[in-house]
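What the coordinates show
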Amino acid sequence: MSKKQIEETVRSSLEVYFRDLRGTEPDGLHDMMVRIVEKPLLEVVMAHADHNQSKAAEWLGLNRNTLRKKLLEHKLLK
């Protein structure tokens, strides 16, 4: 799947989300989206990095301490 396909999938999902709101205004949309995308991103990257936090942090362009904090927030540390 290309970057463009991922972008289109997110766009399409957001359109469905807004349609399902039926005119109700969303609240905290940015934070909600970041959390929804961040957890599976971390899960997949950690799996592909064989749970090596240094390698995963490098792939994500994050400091290892920042990655560890995010893993704790999402309850992904063993």
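Residues numbered from 1 in each chain as written. Predicted model: local features only at pLDDT ≥ 70, side-chain atom pairs only at ≥ 80, totals over all residues. Heavy atoms only, no water.

Here the focus is a nonpolar patch on the surface. On the surface, Met1, Ile6 and Val10 cluster together into a nonpolar patch covering about 310 Å² of accessible area. For Ile6, the position within the fold is in helix 1 (residues 3-21). (Patch = residues over 30% accessible without salt bridge, like charges linked within 9 Å, V, L, I, M, F, W, Y side chains within 5 Å. Areas by Shrake-Rupley, 256 points an atom, 1.4 Å probe, with all protein chains shown as cover. Salt bridge = Lys/Arg side-chain N within 4 Å of Asp/Glu carboxyl O. Helix = DSSP H or I, 4+ residues; strand = E, 2+ residues; numbered from the N terminus.)

What follows concerns helix 3 (residues 53-60). Buried within helix 3 we find Gln53, Ala56 and Ala57. Axial view of helix 3: buried residues confined to an arc of 100 degrees, hence all on one face. As for helix 3, its buried residues are in contact with helix 2 (29-48) and helix 4 (64-73). With a side-chain oxygen lying 3.0 Å from the backbone nitrogen of Ser54, the N-terminal cap of helix 3 falls on Asn52. Count one or two residues on from helix 3 and you reach Gly61, which has phi positive near 75 degrees. (Buried < 20%, exposed > 50% of the residue type's maximum accessible area, 1.4 Å probe, protein only. Arc of directions from axis to C-beta. Contact = heavy atoms within 4.5 Å. Polar contact = N/O pair within 3.5 Å; in protein donor to acceptor, adjacent residues only side chain to side chain.)

Here we come to the nonpolar core. With eight residues, the main nonpolar core is built from Leu42, Val45, Met46, Ala49, Ala56, Ala57, Leu67 and Leu71. Secondary structure elements with two or more residues in this core: helix 2, helix 3 and helix 4. Sort the elements by how many residues they give to this core and helix 2 lands first, with three residues. Other than its neighbours up to four places away in sequence, Leu42 contacts Leu60, Leu67, Lys70, Leu71, His74 and Leu76. (Core = buried A, V, L, I, M, F, W, Y, C linked by side-chain atoms within 4.5 Å.)

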